[in-house]
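Chain by chain, the residues run as shown.
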Amino acid sequence: MMTQTVELEVQETRALPPVISQDPAEEFQSGKIYCANCIHCKLIPAKSDREERYVLRIRCAAGKWKKKLGQEKMYKYCTITRRYLDSCDAYEEMGDTREFIRELRKNLPNRDEFYTLEDRDEDD
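A brief report on the enclosed structure follows. (Residues numbered from 1 in each chain as written. Predicted model: local features only at pLDDT ≥ 70, side-chain atom pairs only at ≥ 80, totals over all residues. Heavy atoms only, no water.)

Okay, the packing of aromatic side chains next. All chains considered together, the criterion is met by three aromatic pairs. Here the aromatic rings of Tyr54 and Tyr115 are separated by 5.5 Å at their centres, their planes lie at 25 degrees, and the arrangement is stacked. With Tyr54 in strand β3 (residues 53-60) and Tyr115 in strand β6 (residues 115-116), the pair connects residues that are 61 residues apart, well separated along the chain. Taking the relative accessible area as the measure of exposure, Tyr54 reaches 23% and is therefore partly exposed. The exposure class assigned to Tyr115 is partly exposed, which follows from its relative accessible area of 28%. In this structure, Arg83 is placed above the aromatic ring of Trp65, and the distance from its NZ or CZ to the ring centre is 5.9 Å. Between the NZ or CZ atom of Arg83 and the centre of the ring of Tyr75, over which it lies, the distance is 3.7 Å. (Phe/Tyr/Trp six-rings, centres within 6.5 Å; stacked < 30°, edge-to-face > 60°. Helix = DSSP H or I, 4+ residues; strand = E, 2+ residues; numbered from the N terminus. Buried < 20%, exposed > 50% of the residue type's maximum accessible area, 1.4 Å probe, protein only. Lys NZ or Arg CZ within 6 Å of the ring centre and 35° of its normal.)

Here we come to the environment of Thr81. Here Thr81 is to be found in the loop between β4 (75-76) and β5 (84-85). Measuring from C-alpha to C-alpha, the distance between Thr81 and Tyr34 comes to 7.1 Å, with 47 residues separating the pair along the chain. When residues no more than four places from it in sequence are discounted, the contact partners of Thr81 are Tyr34, Ile101, Leu104, Arg105 and Leu108. (Contact = heavy atoms within 4.5 Å.)

In structure tokens:
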């Protein structure tokens, strides 16, 4: 039996800056496009693990968020303030980005929240 020896070259690795920060207290990134402040950023309900519950998700109505295989990608509502890009040809700002992101960070939940569908009586 013949055994082969392979020499592995050790390569230096470098950290790439994240597109989504993991630190919710991160400072505002000047010069970046925050998706949350774009007119195409839409809040939608999404099915949860049980039929009567749902969670909130964010989607890009301009179709800019895609998975590798081409399906639409949606993000958790609680993470939208950390989503920013260097450029986007569909970006339409809704107002002062810095102030909007600051207020949104104060008011967003820090994790997914579950909502229930309430039955309404039509007898009123």
